[in-house]
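# Structure assessment
Single-letter residue listing:
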Amino acid sequence: MTNPADAPAAQQGRPANDRARQLDSLRAFAVAAVIISHTITENYKIGEFQFFEIGGFAVHLFFVLSGFLITGQLLAENELRRERGDGLRPLLGSFYARRVLRLLPAYYLALCGAWLIDLSTIRAEFPWHALQLTNVYFGMDQVAEYSSPVGHLWSLSMEWQFYLVWPLIVLVCRPRVLVAVTVSLFAFSFVARFDTLPLPEALYRSSIPASLDSLAMGALLAIAVARSWPVERIAGWLWWSLLAYVVMTVPLLLGYADLGWELEPYAHEVMNLFFMLLVYRAYVGMDGPVGRVLDNPGLQYTGLISYGIYLYHQYILSAYSGASLRLFGYLPLDYGWKLSIALFVVTWIVSHYSWIWFEQFPPPVPLSAKAPGSGSDGCQWRSCTLKAARPSSLHA
């Protein structure tokens, strides 16, 4: 999950110190969906559509956001680097240092705490999680994926693997080459959905190819914004793309599993398109009823601490389940909506203090901070070279 502090601000239509806070509200909805998906049962379904799958949708929204924000940040800082004639090493060092200081203290605090209390099977799995290889481990052992107390860490591992490679591609490739690479990665991921890779299905689902399409969609949006492509011309497709996705899921809702799963690869990319347009609309700022919801300060703060909510919720749920079964032999608050709400509240409180105590280490000054007029916090893709107009026609 990308650091909310890396969110950009459009040069036109909002103050330079505004972090496109509507993106934080999207994170709030996404992390709430993840918690719901982990606390309800298979009984919550219509036809073949099971509502606990909304957590998977939310994770792909996070991937689109990550591709957008990380790529945009790198493009902006790389442009300043070239203007200054600096090398790649300082920029890469600053990028990775910010990632490490922002994300890893809380990650390893939770992981080591779980090891100390011997939470379920955590000690046997510890090396995989510590090395950010959770997705590989679960791909090789499906039983572990469903029995692990930290089954959610696969997506964080996948993002770290993305962070290791993608910055080099963004910084080294020329503009046209970067577009070609991004589109190729999307195409590769789409084709892989038709069982074209020589991988077991479980390993494929937890591997980078299964999520490259979402990451690439976000990255392509960042490139479009950086180059002032007329993204607003297709931004009006937002709700049409959502309608198209709903229509493509109708067979599953009606119980026609075979047709529904045949349409799934195409529906997945329509969902990615919806998420990409949603991110763009939130980035430039939505108006109307949806905009007023996304401007809610409580939602925005929840999105700000959403990394902690995502990180801690499964630990807390696993600890609650284990302790309750040992003490009572049953769960006082069984799986369902009440547990969803209780877990969200408890995790929100924990994440609030985690944000204050562990997630705000002073980051190294970015390379671009040395550029005249870049501001005390450096570029961080706020008011550097990106231009994204806020057309008056974009109403939600």
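Structure's up top.
A short tour of the structure in this document, coming up. Owing to the predicted nature of the structure, the values given are computational and were not obtained by experimental measurement.

Calculation rules
- Every chain is numbered on its own, with residues counted from 1 as its sequence reads.
- For a predicted model such as this one, the threshold for reporting local features is a pLDDT of at least 70, and the threshold for listing and counting side-chain atom pairs is 80 or more; totals across whole chains, interfaces and linings nevertheless cover every residue.
- Only hydrogens and water are removed before side-chain values are computed, so all heavy atoms of the structure are retained for them.
- A run of H or I in DSSP counts as a helix once it spans at least four residues, and a run of E counts as a strand once it spans at least two, with each numbered from the N terminus.
- We call two residues contacting when some pair of their heavy atoms lies within 4.5 Å.
- Every helix has an expected span of 1.5 Å times one less than the residues it contains.
- With a 1.4 Å probe rolled over the protein chains alone, any residue whose accessible area is under 20% of its type maximum counts as buried; one over 50% counts as exposed, and the rest are partly exposed.
- Pairs were defined over the aromatic rings of Phe, Tyr and Trp, the Trp ring being its six-membered one, requiring ring centres within 6.5 Å. Orientation was assigned from the angle between planes: stacked under 30 degrees, edge-to-face over 60, tilted for the rest.
- Simply put, an axis is a line fit to the C-alpha atoms, just over the touching stretch for a helix, and the angle between two N-to-C directions goes from 0 to 180 degrees.
- Geometric relationships in this document are graded by angle, where less than 35 degrees denotes roughly parallel, more than 145 denotes roughly antiparallel, 65 to 115 denotes roughly perpendicular, and other angles denote oblique.
- With the far helix as reference, a near helix turned anticlockwise by less than a right angle produces a left-handed crossing, and one turned clockwise produces a right-handed crossing.
- In this count, Pro and Cys sit with the nonpolar residues alongside Ala, Val, Leu, Ile, Met, Phe, Trp and Tyr, while Asp, Glu, Lys and Arg are called charged and the others, Gly among them, polar.
- The salt bridge criterion pairs a side-chain nitrogen of Lys or Arg with a carboxyl oxygen of Asp or Glu, the two atoms within 4 Å.

## Side note on the overall build of the protein chain
- Looking only at helices and strands, one finds 17 helices and 2 strands in the protein chain.
- Contacts in the protein chain between residues at least 24 apart in sequence constitute 77% of all its contacts with a sequence separation of at least 6.

## Some details on helix α2 (residues 54-84)
- Along its 31 residues, α2 runs 45 Å from first to last C-alpha, staying within 8% of the 45 Å computed at 1.5 Å per residue.
- Most of α2 is tucked away, with 24 of its 31 residues classed as buried.
- Count one or two residues on from α2 and you reach Gly 85, which has phi positive near 75°.

## Describing the packing of aromatic side chains
- Throughout the structure, instances matching the rule amount to 21 aromatic pairs.
- With a centroid separation of 5.8 Å and 45° between ring planes, the pair formed by Phe 274 and Phe 275 is classed as tilted.
- Ring centres of Tyr 353 and Trp 357 lie 5.1 Å apart, and the angle between their planes is 35°; this geometry places the pair in the tilted category. Taken as a pair, Tyr 353 and Trp 357 lie in helix α17 (residues 337-357) at a separation of 4 residues, close to a single helical turn.
- Cluster of aromatic residues (ring-pair linked, three or more members): Phe 95, Tyr 96, Trp 160, Phe 162, Tyr 163 and Trp 166.

## Let's talk about the packing of α2 against helix α13 (residues 257-284)
- At a minimum axis distance of 10 Å, the contact between α2 and α13 shows a crossing angle of 55°. With respect to each other, α2 and α13 are oriented oblique. Crossing of α2 over α13 shows right-handed handedness. Along its contact with α2, which presents Phe 57, His 60, Leu 61, Val 64, Leu 65 and Phe 68, the element α13 presents His 268, Met 271, Asn 272, Phe 275, Met 276, Val 279 and Tyr 283.
- Class assignment for the residues of the contact of α2 with α13 results in 10 nonpolar, 3 polar and no charged.

## Quick word on the environment of Leu 199
- When you line up the elements, Leu 199 lands in the loop between α8 (175-192) and α9 (201-205).
- Separated by 60 residues in sequence, Leu 199 and Gly 139 have C-alpha atoms that sit 9.8 Å apart.

## Let's talk about the pattern of salt bridges
- Inspection of every chain in the model, using the stated rule, returns 7 salt bridges.
- One salt bridge connects Asp 86 with Arg 84, and the closest N-O pair in it is separated by 2.8 Å.
- Taking the shortest distance from any N to any O, the salt bridge between Arg 193 and Asp 213 comes out at 3.1 Å. Taken together, the residues Arg 193 in the loop between α8 and α9 and Asp 213 in helix α10 (residues 212-226) connect sequence positions 20 residues apart.
- When salt bridges with common partners are traced through the structure, they connect Arg 193, Asp 213 and Glu 269 into a single cluster.

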